[in-house]
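Chains, contacts and geometry: an overview
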Protein chains: 2
Amino acid sequence: MKNEKILTREDSVGIVETKYFTFDNIALEHGDKFGPITLAYEIYGELNKEKSNAILILHALSGDAHAAGVHEGKNNPGWWDSMIGSTKAFDTDKYFVICSNVLGGCKGSTGPSSLNPKTSNPYALDFPQISINDMVDAQKRLIDYLGIEKLLTVVGGSMGGMQVLSWLIKYPERIRSIIPIATAVKHSPQQIAFNEVGRQAIMADPNWKSGNYYGAALPAKGLAVARMIGHITYMSDVSMAEKFGRAKKNGAQPFKFTADFEVEGYLRYRGDNFVKRFDANSYLYITKALDNFDASGGRPFHEVLEGIRTKALVIAFKSDWLYPAYQAKEIVKAFKLSGIEASYCEIDSTYGHDAFLLEIEEETHLIKHFLKKIFYKYEVTGDYQI
Amino acid sequence: MKNEKILTREDSVGIVETKYFTFDNIALEHGDKFGPITLAYEIYGELNKEKSNAILILHALSGDAHAAGVHEGKNNPGWWDSMIGSTKAFDTDKYFVICSNVLGGCKGSTGPSSLNPKTSNPYALDFPQISINDMVDAQKRLIDYLGIEKLLTVVGGSMGGMQVLSWLIKYPERIRSIIPIATAVKHSPQQIAFNEVGRQAIMADPNWKSGNYYGAALPAKGLAVARMIGHITYMSDVSMAEKFGRAKKNGAQPFKFTADFEVEGYLRYRGDNFVKRFDANSYLYITKALDNFDASGGRPFHEVLEGIRTKALVIAFKSDWLYPAYQAKEIVKAFKLSGIEASYCEIDSTYGHDAFLLEIEEETHLIKHFLKKIFYKYEVTGDYQI
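Please read all numbers here as calculations on a predicted model, not as lab measurements.

Digging into helix α10 (residues 325-338) of chain B
Residues and elements named next belong to chain B. Relative to the 20 Å expected for 14 residues at 1.5 Å per residue, α10 spans 20 Å between its end C-alpha atoms, a close match to the ideal helical length. All of the buried residues along α10 are Q327, A328, I331, A334 and F335. Buried positions in α10, seen along its axis, are confined to an arc of 120° and lie on one side of it. Tucked into the core, α10 has its buried residues touching β12 (177-181), α9 (301-304), β13 (311-317) and β14 (341-347).

Points about the packing of helix α5 (residues 220-234) of chain B against helix α7 (residues 262-277) of chain B
Any two packed helices are characterised by how steeply their axes cross, that is the angle between the axes, and by the distance between the axes. All names here are of chain B. The contact between α5 and α7 brings their axes to 8 Å, and the two run at 125°. Here α7 runs oblique to α5, going by the angle between their axes. The hand of the α5/α7 crossing is right-handed. Across the interface between the two elements, A220, L223, A224, V225, R227, M228 and H231 from α5 touch L267, R270, G271, D272, F274 and V275 from α7. Considered class by class, the residues forming the contact of α5 with α7 number eight nonpolar, two polar and three charged.

Brief notes about the relation of the copies chain A and chain B
For the pair chain A and chain B, the relating rotation is 180°, the translation along its axis is 0.0 Å, and the fit reaches an RMSD of 0.0 Å. The transformation relating the two chain copies, once decomposed into turn and shift, fits a two-fold axis. A share of 100% of the interface residues of chain A reappears at the interface of chain B, consistent with the copies meeting face to face through the same patch.

Some remarks on the confidence of the model for chain A
All names here are of chain A. Confidence in the prediction of chain A, expressed as mean pLDDT, is 93, and 94% of residues score 70 or more. This stretch, residues 1-8, has a pLDDT under 50; its non-local contacts, to residues over four places away or in other chains, come to 10 contacts. Across the interfaces of the predicted complex, the ipTM metric reaches 0.92, alongside a pTM of 0.94.

Digging into the sheet that holds strand β6 (residues 54-58) of chain B
Residues and elements named next belong to chain B. One open sheet holds the eight strands; their spatial order is β2-β5-β8-β6-β11-β12-β13-β14, and the pairing between them is mixed. If you trace the sheet from one side to the other, it starts and ends with β2 (19-23) and β14, each paired once. Each strand of the sheet is rotated relative to its neighbour by a mean of 20°, with strand direction disregarded. By the bridge criterion, five bridges tie β6 to strand β8 (residues 96-100) in an arrangement that is parallel.

Description of the domain arrangement of chain A
Residues and elements named next belong to chain A. Entries for chain A in the domain assignment read domain 1 (2-187 + 293-381) and domain 2 (191-289). Taking the mean C-alpha position of each, domain 1 and domain 2 sit 25 Å from one another. The interface is formed by 25 residues belonging to domain 1 together with 20 residues belonging to domain 2. In terms of residue class, the side of domain 1 that touches domain 2 is built from 13 nonpolar, 11 polar and one charged.

Definitions and limits used
Residues numbered from 1 in each chain as written. Chains lettered and ligands numbered in written order. Predicted model: local features only at pLDDT ≥ 70, side-chain atom pairs only at ≥ 80, totals over all residues. Helix = DSSP H or I, 4+ residues; strand = E, 2+ residues; numbered from the N terminus. Expected span 1.5 Å × (residues − 1). Buried ≥ 20, exposed ≤ 12 C-beta atoms within 10 Å, placed from the backbone. Arc of directions from axis to C-beta. Contact = placed C-beta atoms within 7 Å. Axes fitted to C-alpha atoms, helices over the stretch in contact; angles between N-to-C directions. Parallel < 35°, antiparallel > 145°, perpendicular 65-115°, else oblique. Left-handed = near helix turned anticlockwise from the far one by under 90°. Nonpolar A, V, L, I, M, F, W, Y, C, P; charged D, E, K, R; others polar. Least-squares fit on C-alpha atoms with pLDDT ≥ 70 in both. pLDDT = per-residue confidence, 0-100. Pairing = 2+ DSSP bridges. Domains from an automatic or database assignment.

Following this line, the structure appears as structure tokens:
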């Protein structure tokens, strides 16, 4: 009874439900008004009467709103389950935690696989270009709807961290602190290049059909290759060596381009698995949003931050070569230059970029301490402007 | 008159011709005897009467026999033209330089695109599994044919470096020194993973047809994606940033998954270009040979080297993250442990793995000095066993 075991675990938030918020439209960064928009989200813990304990969690490229607990009848702990719950980093005994899916995604929010109300067919490539800032504009509508004037913190890793930076610049008056993790002000050409190869792999798949594959065969092989590239960049040389070494797969034939090495079998498995749960067009739209994002808007980042007051905890990981620590340091440097109070921690992990999902103990320690200071100070002073 | 300019350049070897050597067969590492085999090769400079000045140059994954000079009527300088010629690193006034293509390739040597004499059709996947050691066995036959008892040095970068290590282990009595560059005793799981994704991209292309695409549409998109992945790993984060930054392409439309960034356009160009000059099945066979290579045979590498005497210059590059310097240091450590006289140099380059093709000045300096010592000592002592 695996499921029961999880459900009765003291620190789990237990059974949760994905909710959906639909609203009229937003003005897109690169276009006109677009809507209606539905956002999938989940909530954990209770909003206090001052509405001062709300935390917004933002996910990475392939994540979703299901960050903690399990769904009724399923043994599917959320993607950051070990971070959210009673006594955990995001302690649901104290805080009200919201996790929002992104515009453009395929996990219950409006994206290219959603039905276009004008045609009753999926949008496919008629879906408009979206940006990280658009994702945040949609989330802001959700936070309005939930009646939260000021978020205690906004936190996320990787693409989630980019959304955190966008929140900071677009809606500084709505947040008291931020925790960007394993992220960057903007993608380097190397980061763009990896995404571009993934996109090319999808678009090279004849089943992609310029995005019009809904109801037909999926561009499964192309999407699997894209995901395999992703997985290599999420791990580190060291973590791969520790996990696989040069071990050969059981029963692998010596030849004909089968998966001889365990690392090959793992990548194929992860690639094939991804196809079942992610939409290829969403992958194209979201990776383009990532590549185009530039929190600095082409100016020195610290200038963009001028006048913004917040408290920041910036976390990076030593072996993360996809979002190397130097990118986190650029964020911290701009924060310091602009007068934002920032703590920086580079966690000595071998997990690579995946570390933000795996270094639970270290992250918990840092985040608990950070939140306690901010929340306690607010409770004592009642002052939003800390 | 671009061509003339190159042809009259004082230090060019001038017009050269690719030659072909065909022999009966070799016993494959993972199978039976295989043949007939043709190897494409080129030669530059003159063999001295003692036959003591011969240098064997071995190329990387996508290289060929054309390492220096130009072909009649073409402006196509060889891939290491700046290293081979009068007064250059491999000085053709002093040395006799041979560059051999590899078994399994598609540049004039026997490979999967060659005609199977039994069927008069291309081998395709009936081509046997080949190894780095098999490539070297074939080259050894070429060196026999050229009448060279002992090579002054065997040198190569990347896959060429693996062939150098194979030469050292299989035919130590036939070489006086080695120069392995930007290479490894064996691939790490990360290196295997990048190759595997490239293979998956090729095999995902419906034109691949289990390798039977000859005379029909090529698996061009799959091979282009494989090459794009390769190119990312050949450059460094820094060299990409220096070369492209986040510059947008001229005239790029803002959307619909066109190549917006220069780095995207570059990768697409390099990918598409590769398709014109390389065979997808060769890519599969050669990358498998790379992944399966293990100069240590699963033992501590220094034990395999026991009793072998040679002089080695091992070169690595600081920003090379595909073949990181720690792999070169493993080679050097084993050399030292086994009593092989080894010099190690880590060149402070930002070019990534590509540095072995680009850091001409540094490499020239190191290699000239190394060769001079070895050749001079031989000339003075006449002793092969130095």
